[in-house]
Amino acid sequence: MFDEYVEHVAGSSVVPTHHLTSNQFYEGFEPPQGLDGLVEDAGELYETPAVPSALDAPVFDLGRVQFAFPAPLVSFVISSDMLCMGLTSNMLVLIELTHEDQVVKIQIPRKPTEMSLYKLFMDPSGRHIIITSQQGENWYLYKTWKKPRQLKGFKMVIESVAWNKTALLSSSHLTSTREILIGARNGTIYEAVLDAEDDFFKSQERYLQSVFALPERHPITGIKFDYTPATDPKQLLVLVTTPTRIYQFAGPVDRKPDENGRVFSSLFAQYRETPPKILELPGNITYSELQFFTPNPSQALSQPKRLAWLTGQGIYHGTINFESSSEDHIDSAQLLQYPSLATSPGKEKQEVPLSLAVTEFHFVLLYKDRVVGICNLDDKKTYEEILPVKPSEEVLGLAADPVRKTYWVFTSQSLFELVVTNEDRDVWRIYLEKGLFSTALQYAKTASHRDQILKAQGDDHFSAGRYFQAAQSFAHSSASFEEVVLKLLDVGDRDALRSYLISRLLRTRKSDVTQRMMLATWLVEFYLGKCNELDDIIAAESISQDVDNLRVERSFLEDELRQFFETYQANLNKETIYELIQGHGRTDMYLHYATVIGDHRRVVEHWILEEQWLKAIDVISRQTDLELYYRFGSILIRQAAKETVDSWIRQPALDPHRLIPCLLQLQHTARDPLSPNQAIRYLNDAVFEQHNVSPTIHNLLLTFHVSPTSPPKPSVSPDDDGPLLRFLSTAPSDPITGKPYYDLDYALRLCKMAGRIQPCVHLYSKLGLWENSVDLALEKGDLELAKINADMPEDDQPLRKKLWLKIARYVVQDKKDIKAAMRFLENTDLLKIEDILPFFPDFVVIDDFKEEIAHALEGYSAHIDELKAEMDDATKTAEAIQKDIVALKNRFITIDAGEQCSSCSNLLLTRQFYVFPCHHTFHADCLIGMAKEYLPAHALRRIVTLQTQLVKENPPVPVKRPTVSSGDIGRPHPAPQRTLLSTNFGPIVNPLQNGAKAANLIGRGVISAGDRLRDLIVPDALAALVTSPTWIPGMGASNRTTTLDKLGSAKAEKLRAELDDLLTSNCPLCESVVVGLDKPFIKEGEAESSWTL
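Only a predicted model underlies this, so the values are computations on that prediction, with no experimental measurement involved. (Residues numbered from 1 in each chain as written. Predicted model: local features only at pLDDT ≥ 70, side-chain atom pairs only at ≥ 80, totals over all residues. Heavy atoms only, no water.)

Time to look at the overall build of the protein chain. Counting its regular elements, the protein chain contains 36 helices and 34 strands. Split into buried and exposed, the 1093 residues of the protein chain put 45% on the buried side. Within the protein chain, contacts between residues separated by at least 24 positions form 56% of all contacts whose residues are at least 6 apart in sequence. Accessible surface computed for the protein chain: about 57,200 Å², of which carbon and sulfur atoms make up 52%. (Helix = DSSP H or I, 4+ residues; strand = E, 2+ residues; numbered from the N terminus. Buried < 20%, exposed > 50% of the residue type's maximum accessible area, 1.4 Å probe, protein only. Contact = heavy atoms within 4.5 Å. Areas by Shrake-Rupley, 256 points an atom, 1.4 Å probe, with all protein chains shown as cover.)

What follows is the structure in structure tokens.
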């Protein structure tokens, strides 16, 4: 297992760049897909290092990878967190850093005596690995393979490989390497394509071709190609290095989509006759390295920004310019000499490093015993650490992950990770020393650093005369406020000073109220002074020069001041600012500031003093304070009545009562007769639109209608009464009382004083004084108005006739117009000619109305004939009815001797009975018992009353029990009939002797307890009272004749007939069916289970 995988050589350690959480332990690496059978347990774990948080943490930190190598290490590569180590035993050890449990070992099927592993090359995606040997034998391993495959066509010692980064990082499932360039030891450049896809007819070597050979045949130690632009490749740049030379090949892309490869043939073909751009740096070393730094390297379209070439004379470095029009694409090229190293105490010596790596701000140099970091901004050594290696251990080289930006040092027996911890620690200081302040601010890490940079930037701007920029820099630093202000005042740049004050105001805490108020007030002074200064310049130069630019500047400055007022109104003292603005004579700013802080009263007062009434009204309309409407309403309605009322109408929240003093002023103000009365217009809106129900407002509106001016003037034209009459007719009324909200008595008195006749008549009508209204109308000679009012009391016909008689008297006696009186009769159906005849004079010629009298007499004659005809018809109808009644009395029905009662099923002929047209038959007592159940309450009350009266009319008669003879044995005897005492009504002992008393009790019971009416009706007793005197002999008791003889009085017969009609009005069986349609089957109190099947 990987135990304590990374350990710092000095005891303290840092987290590797791929280790994301500080409390996480690496327990090895998970196996890549397809390597399940080859996974072995990792030997050791990562040691969790602590992250330094101090700003003075070292630039780099070196951590040892604790791993027991089965054999000495020969080569090491890493890319996209895929790590591969090549051992002298020709074994490959693969570890994917994103998986924590798995270590994969793959053996190349060659013995060390047959093949010596030389170098490993891995593409940026970490999927393709090329293994080369000293013998020129090459192998290819794909990420998911279990063993490598030999590249039989690759018969060369590979020194460098240039991968197609854009294609390999764009797709995670690509099995092809796409086009790559291979630099061989023999100085030849090859173009090749490898594909890991299994194809029976094709090998992995899809394409291999030599495209260029260097003339000196030196080993190609570095090679790199890039397309430009990356999104649409049109140009190609290839950089090639040997131990002493660097070549640049550039040209258009000749890509053939149908062919796999063959991209570089045309590019290198043009350099066979013409030599490429070559830079030679002679040296006595046999190796070199070409390294690049790429911003955002994990993005497929990213391109390298800087290069570094390890040579015998030093580090050749510069920036890559893909857009260069010349053949040299390396800008700002420099040669950095190697630093002197202390090889022994007191001695230093320059040595050529073994390997090179490039970070964002450093060159990392690997020596045989140490690692050195040199800042590429100032060429100073910022890091140096001795490698803890054994005497027998050989330092081999540096490897960098081009995608994840991790850096590794490998020896023959050890592996270290060089962690970039605080690389940009001093970058801000270097840029500051170079005067690149903006860049220095980007890398400043603390407020102190930013403060130093801003101060230096401010001093630089100030010394160069850029006072405005200096003010901005000083404002964001801790520079003394007094010092900066004095500096800017000395140079006389008030614009820069204003900018500085604004910036300081923005940075001042809100709790520092005094400081913010002083700064804001001072700034207002500066703004106002600058505005006046521009005004003076414009006034002085407007004749001789073009001052449009000055006007634009003044406009911008005024807008800025207005914005300042809106932003910092809380930091300004109102009275102080008013004095400042008035002192500078800036009326526009005075009004704007007052508007911003909501001091609308000052604005309105200003416009009133200027007699700008409409502007004052506009200001009042734009704000929400209602007090301003009441405060300035009096003066504004005198000067601009229409506009003032318009503003009042637009604000429904106003209280009309508080506007009454303003409205009353219109009575004393001269008004154009052609223009509407504005007071009436507002009050109409309050009453009819806002539905104000205040009697005061309604009375005031009435007053303005009657007398628009004071004192009131009598009405001259009836047309003047039109608006008043419309108001009186349409004014809303109280829904409870039905009366209008205005005072009717006050209105009547006011109209009388003003001589408004028609309104007075209307008001009399509203008061119900119809005679007064008609009299007043006739008094003024308005006959039509009198007629209208005479018809108003529609429910009182006698009153209407009386009013029309008044009008008739006026027409006949006052007008003395007989013909008009005759026409007058046609307008009403209440009066006839005889009604108005008394009004005619005694000596009047009848010729004027003879025809009308004749028509009246003819009408009476016709009416008499109609009445006579109706009487004849009524007589004939009565006779027909009488005949029908006589016929009904003689109607009969034949029944059988064995007919049974439809109620009790006993023989019908045993006692008195009734037969209905529907052929239902009932005993008298059975009929009474059934009828009382469905008869309505009023019929029941009448039956009880008739029962009581019959009892009074028929005194009791002793009842003898019939003797039973031998001949009567076996015959059915009728059941003894019950009397009124059969129902328990209280203390009455003898009902026949005390029948009147019982009847009285029964009557009171009817009144006091209506729900007991049915209990008061006794069927047996009642049947005895209604017995027919023509009873069939031999049926029933023999003593009935005596009783019937006593009941022969006319009154008793009449009562009996009425009672008989009530009982026999309907058949009880047929009637009960109709009555009981809405009754439930289960009666109240009846068990529902009785209906259960």
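We now examine the nonpolar core. One broad rule of soluble globular proteins: the nonpolar side chains tend to lie buried together. Residues Tyr500, Phe565, Trp648, Leu663 and Tyr742 are the most contacted members of the largest nonpolar core, which totals 94 residues. No other element matches helix 9 (residues 513-541), which puts 10 residues into this core. In contact with Phe565, not counting residues within four places along its chain, are Val524, Leu572, Ile577, Ile581, Met589, His592, Tyr593 and Val596. In this structure, Met82, Leu94, Ile131 and Phe154 belong to the second largest nonpolar core, which totals 36 residues. (Core = buried A, V, L, I, M, F, W, Y, C linked by side-chain atoms within 4.5 Å.)

Further remarks concern unusual backbone geometry. Among all residues save glycine, negative phi is the norm, and among peptide bonds the norm is trans. In this chain, Thr228 is followed by Pro229 through a cis amide linkage whose omega measures -10°. Relative to the elements of secondary structure, Pro229 occurs in the loop between strand 16 (222-228) and strand 17 (235-241). Of note in the backbone geometry, Asp81 takes a positive phi value of approximately 65° without being a glycine. Locating Asp81 in the fold gives a position in the loop between strand 4 (73-79) and strand 5 (82-87). Judged by relative accessible area, Asp81 falls into the buried class, the value being 8%. Residues other than glycine seldom take positive phi values, yet His919 does so here, at roughly 75°.

Here we come to the pattern of salt bridges. A complete count under the given rule lists 39 salt bridges for this structure. Here Asp599 makes a salt bridge to Arg602, at a shortest N to O gap of 2.9 Å. As far as burial versus exposure is concerned, Asp599 and Arg602 are alike and both buried. Linking Glu1053 and Arg1056 is a salt bridge whose minimum nitrogen-to-oxygen distance equals 2.6 Å. You can see Glu1053 and its partner Arg1056 sitting in helix 35 (residues 1050-1063), three residues apart, about one turn around the helix. By sharing partners, the salt bridges in this structure join Asp535, Arg554, Glu558, Arg586 and Asp588 into a single network. (Salt bridge = Lys/Arg side-chain N within 4 Å of Asp/Glu carboxyl O.)

Overall, antiparallel pairing links the four strands, which are arranged 8-9-10-11 in an open sheet. Only two strands of the sheet have a single partner each, and these edge strands are strand 8 (117-122) and strand 11 (149-151). This sheet shows a mean twist of 30° between the axes of neighbouring strands, independent of strand direction. Bridge count between strand 9 (residues 128-133) and strand 10 (residues 138-142): five bridges; the pairing is antiparallel. Pairing of His128 across the sheet is with Tyr142, part of strand 10. (Pairing = 2+ DSSP bridges. Axes fitted to C-alpha atoms, helices over the stretch in contact; angles between N-to-C directions.)

Attention now goes to helix 8 (residues 494-507). With 14 residues, helix 8 extends 20 Å between its outermost C-alpha atoms, agreeing within 8% with the 20 Å of an ideal straight helix rising 1.5 Å per residue. Summarising burial for helix 8: 10 of the 14 residues are buried, a large majority. Within helix 8 the residues assigned to the buried category are Ala496, Leu497, Arg498, Ser499, Tyr500, Leu501, Ile502, Ser503, Arg504 and Leu505. Residues of helix 8 that are buried make contact with helix 6 (467-475), helix 7 (481-491), helix 9 and helix 10 (548-567). Here helix 8 starts with a cap whose side-chain oxygen sits 3.3 Å from the backbone nitrogen of Asp495, and that cap is Asp493. (Expected span 1.5 Å × (residues − 1). Polar contact = N/O pair within 3.5 Å; in protein donor to acceptor, adjacent residues only side chain to side chain.)

Within the fold, Leu310 resides in strand 21 (residues 306-310). Judged by relative accessible area, Leu310 falls into the buried class, the value being 0%. Between the alpha carbons of Leu310 and Tyr287 there is a distance of 8.5 Å; along the sequence they are 23 residues apart.

Strand residues, when the strand is regular, have side chains that alternate between the two faces of the sheet. Within strand 16, seven of the seven residues are buried, which leaves it mostly tucked inside the rest of the structure. Going residue by residue along strand 16, you find Gly222, Lys224, Asp226 and Thr228 tucked away on one face and Ile223, Phe225 and Tyr227 tucked away on the opposite face as well. Where strand 16 lies against strand 17, seven bridges are found, and the strand directions are antiparallel. Paired with Ile223 across the strands is Val240, a residue of strand 17. Linking two consecutive strands that pair antiparallel, namely strand 16 and strand 17, is a turn of six residues.

Within this structure, the stated rule accounts for 29 aromatic pairs. Measuring from ring centre to ring centre gives 6.0 Å for Phe76 and Trp408, while their planes differ by 45°; the resulting arrangement is tilted. Taken together, the positions of Phe76 in strand 4 and Trp408 in strand 31 (residues 407-411) put the pair 332 residues apart, joining distant regions of the chain. Consider the rings of Tyr140 and Trp145, whose centres lie 5.2 Å apart with planes at 80°: the pair is edge-to-face. Trp145 matches Tyr140 in its accessibility class, with the two residues each being buried. Among the aromatic residues, ring-to-ring pairing joins Phe212, Phe225, Tyr227, Tyr247, Phe249, Phe264, Phe268 and Tyr271 into one connected group. In this arrangement the basic side chain of Arg149 is found over the ring face of Trp145, its NZ or CZ atom lying 4.0 Å from the centre. When the ring centre of Tyr118 is taken as reference, the NZ or CZ atom of Arg185 above it lies at 4.8 Å. (Phe/Tyr/Trp six-rings, centres within 6.5 Å; stacked < 30°, edge-to-face > 60°. Lys NZ or Arg CZ within 6 Å of the ring centre and 35° of its normal.)

A few words on the packing of helix 13 (residues 600-609) against helix 15 (residues 627-639). With their axes 11 Å apart at the nearest point, helix 13 and helix 15 run at an angle of 5° to one another. Compared by their axis directions, helix 13 and helix 15 come out roughly parallel. In this structure, helix 13 uses His600, Arg601, Val604, Glu605 and Ile608 to contact helix 15, whose residues at the interface are Leu628, Arg631, Phe632, Ile635 and Leu636. (Parallel < 35°, antiparallel > 145°, perpendicular 65-115°, else oblique.)

Here the protein chain shows a mean pLDDT of 79. Residues at 70 or above account for 75%. Confidence drops under pLDDT 50 across residues 1-52; counting only partners more than four residues distant or on other chains, this segment forms 156 contacts. Throughout residues 1029-1047 the model reports pLDDT below 50, and contacts reaching past four residues in sequence, or to other chains, amount to 21 contacts. (pLDDT = per-residue confidence, 0-100.)

Turning to the side chain of Gln678, a few remarks are in order. Note that Gln678 resides in helix 18 (residues 678-689). Taking the relative accessible area as the measure of exposure, Gln678 reaches 10% and is therefore buried. Within polar-contact distance, the side chain of Gln678 engages the side chain of Arg681 at 2.8 Å. If sequence neighbours within four positions are ignored, Gln678 has contacts with Ala641, Lys642, Val645 and Leu666.

Let's shift gears to a nonpolar patch on the surface. A surface patch of nonpolar side chains, amounting to about 270 Å² of accessible area, comprises Leu486, Leu489 and Trp522. Looking at where Trp522 falls in the secondary structure, it is placed in helix 9. Trp522 sits in the partly exposed class, given a relative accessible area of 31%. (Patch = residues over 30% accessible without salt bridge, like charges linked within 9 Å, V, L, I, M, F, W, Y side chains within 5 Å.)

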